[in-house]
Every structure is written in C-alpha cells, then in structure tokens.
Amino acid sequence: MSEGTGTAWSRQDVILKANNLKKYYPIRRGVARRIVGQVKAVDGVSFELRKGETLGVVGESGCGKSTLGRLLVQLEAPTEGTVEMEGRIVKPGEEMRRLRRDVQIVFQDPYTSLNPRMTVGDIVAEPLLIHKNELNLKGRERDRVKQLLDQVGLNPEHINRYPHQFSGGQRQRIGIARGIALNPKVLVCDEPVSALDVSVQAQVVNLLERLQRELGLAYVFIAHDLAVVRHISHRVAVMYLGEIVEVGDKNQIYNHPMHPYTQALMSAAPVPDPVLQAKRQRIMLSGDVPSPANPPSGCRFHTRCWKAQPNCVTDPPPLIMRGEGPAAHPASCHYAEEMEVVTG
Ligand code: SF4
C-alpha cells in the first residue's frame, strides 16, 4: 500500500510494518463445539509506522482496532499476515523476543491493568525481570525503576506503594513507566486516556508527547476520541469492520476526508467554536455496525452509506490513492471524493 502523507519521513524510517494482518476467531456451537463461522476482527490490515511518528487508529467500538494493537505486540498470533520490525519479518524465536522488547503496550484501563497485590516497583520492574530471567528486584533494577517513575512524573520514593494508593492519572503513568522500562522503539497505546477525566487526559497526552521527544518513540495510538487523536497524531488510519478504509496525515483525514465513513465520523466530532459548531452539518449514519461474523459483501460500509450504488454491494473497493495534490491519500471507496468538513 502506498501512502501519500506529505510528511518528512522517508521509507528508510519505517520501523514497524503490518502486512495484510488478519485475525479470525472461530465461532463454535453444539456439544461437539463444531466451528460454524468466524468473527473477522481484523481482516487484511497493512500500514507502515515510522521512527518517532504517531499513527492514530480510530473507529467505532468493535471495528477491530484493539485486536490490531494486540497483534502488533504479539499478544495474539495473527490468523494470516506478518509484522515486520525494522525490515525483518517477525518469526518465533529471536525475532519474536526482540519484538517483545522493542514493541510495548499501554492498556486502556489503569484501574484493572495493574495487579492490585503488586507494589508499583514490582509492576514497573516486571518487564525488566522477565527479560533478564530474574525473580527479585536487585539494586540496579531498583534504581532503574526509580528513574522510570521520575521520568513519568511520579515520586520515586513511592516505589513501595500499591496501585490503589494512586489516582487514575497516576496509575496510567505507572502503566507508561512499565511500557518504557525496556527502552522500546514502539509503544502501542490502546485507548490510554479513555478512562480518565478530561483534565487528566491532557496531562497524560502531554507526558506521551514529551516521552516521544525525549526517547524518539513511535506510537500506534488507538482511540475513539477524535479530538485526542487529532492532537497527538501525525497520521491517522480509520478502521471499519476490521479494515482500514482511509489513511493519511491528520490534516488530510480531518479536513479533507474522502471516504463516506470518515466524513460521517468527522462531521460528528465536536468543534470547540460554538459558532462553527452551529453552522456545520452533521452526517447521521443509519443502522448499527454490522456483525464482524457476517460482514456485508462488496464494500462493508454499503449497508450504512448514503452514496452506495449497485456495484458497492458486489465489488470490494481497494485501498488506493484518491484525490489530487496535497489532499491525495489512500481511501477504499469507489466514489471517493473530497469533502470539506469543519473540525475546528
Ligand atoms: Fe459508500 Fe460505495 Fe464508497 Fe462503499 S464504495 S463507501 S458503499 S460509495
């Protein structure tokens, strides 16, 4: 897939690559647990992530974005497709171990993703100890954990406290400290601020931006909050029913979306200016997201698309370059055309 992004990155900068990633979950029925179908959570996703870049991944819940995140860090094995790290396809063995060190994940809910019976020191040190095959925190790792706590804005003296003694924002900082403990190159952030108050969200987003500058990290930032994604991302991929339907730099996606689904999403994003908010037209989508166990034929969006034509029901549209000039970027729609959307 080629991507016209208008950014300063070159192909040599690609650090992580997804090649036609698929994840199908079997649906089993009856006493014999016979396989009667498949949930196509991720269905042929390809993209490139460059050094120091943030790729936002947006879409309604159930679109497969969290599953994609888990595939990237190998928490789940893909049904098909590969992940490439710095030009090498990740296979079981040394490559897999390297990826597990170089690509880390921060989860959505800081209330449930931290073990309540472990001290903060043990939580942050866990990846260090697993990596070194050690059981207990020794002097050097203890110093490293204190340094990590300081780096994410927590008091290093609180190393022996438990998660319940911290606020939601502080707990997410603990999750981020654990995520960067092994000096990864890529951090997959799966809805990292969704469970937090708005004021705390901004602090955590600022922290992620600072760490990106200091450590040269690349992020895959998965979220449904369009304003947060717009703030932090360099490029944005829009997912619908397990597929990327549009990808480009953030101004292309937010100000010049080509795919009707992206246009509907962007038209619903809140605008801070009340005058603009009153003037803009919102595109209302009819119906719910279809089941990924039985996705529509042809273009998966045709059951909700106001522009659908007969060929949309039969022919899947390829994700190819659409539009002209600086607004050109890949979108998978037979009738893709630029729409100016007021997004603030
Ligand atoms: Fe709508 Fe057809 Fe484009 Fe799909 S291919 S988004 S149904 S116009």
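The model shown is predicted, which means the values in this text are computed figures rather than measured ones.

The immediate surroundings of the ligand are formed by 13 residues, with Cys299, Cys305, Cys312, Cys333 and His334 found nearest. Looking at the shell around the ligand, its residues break down into 9 nonpolar, 3 polar and 1 charged.

Another point: unusual backbone geometry. The phi dihedral of Asn20 is positive, around 50°, even though this residue is not glycine. Checked against the element boundaries, Asn20 lands in strand E1 (residues 14–29). The backbone phi angle of Glu191 is positive, close to 50°, even though this residue is not glycine.

Overall, the coordinates contain 16 salt bridges when judged by the stated rule. A salt bridge links Lys23 to Glu76; its shortest N-O distance comes to 3.9 Å. Pair noted here: Lys23 is in strand E1 and Glu76 is in the loop between helix H1 (65–72) and strand E4 (80–85), with a separation of 53 residues, a long-range link. With respect to burial, Lys23 and Glu76 carry one shared label: buried. The shortest N-O distance in the salt bridge between Glu243 and Arg300 comes to 3.5 Å. Placement of Glu243 in strand E10 (residues 243–249) and of Arg300 in the loop between helix H10 (274–279) and helix H11 (310–314) is noted, with a sequence separation of 57 residues between them. By relative accessible area, Arg300 is classed as buried at 10%.

Attention shifts here to the packing of helix H5 (residues 168–180) against helix H6 (residues 198–215). For the pair H5 and H6, the least separation of the axes is 10 Å and the interaxial angle reads 20°. When the interaxial angle is binned, H5 and H6 end up roughly parallel. As H5 packs across H6, the resulting crossing turns out to be right-handed. Residues Gly169, Gln172, Arg173, Ile176 and Ile180 of H5 pack against Val200, Gln203, Val204, Leu207, Leu208, Leu211 and Leu215 of H6. Looking at the contact of H5 with H6 residue by residue, the classes come out as 8 nonpolar, 3 polar and 1 charged.

The rules behind the values
Residues numbered from 1 in each chain as written. Predicted model: local features only at pLDDT ≥ 70, side-chain atom pairs only at ≥ 80, totals over all residues. Heavy atoms only, no water. Near = heavy atom within 4 Å. Nonpolar A, V, L, I, M, F, W, Y, C, P; charged D, E, K, R; others polar. Helix = DSSP H or I, 4+ residues; strand = E, 2+ residues; numbered from the N terminus. Salt bridge = Lys/Arg side-chain N within 4 Å of Asp/Glu carboxyl O. Buried < 20%, exposed > 50% of the residue type's maximum accessible area, 1.4 Å probe, protein only. Axes fitted to C-alpha atoms, helices over the stretch in contact; angles between N-to-C directions. Parallel < 35°, antiparallel > 145°, perpendicular 65-115°, else oblique. Left-handed = near helix turned anticlockwise from the far one by under 90°. Contact = heavy atoms within 4.5 Å.

From the geometry alone we can't say anything about function, so treat these as descriptive.
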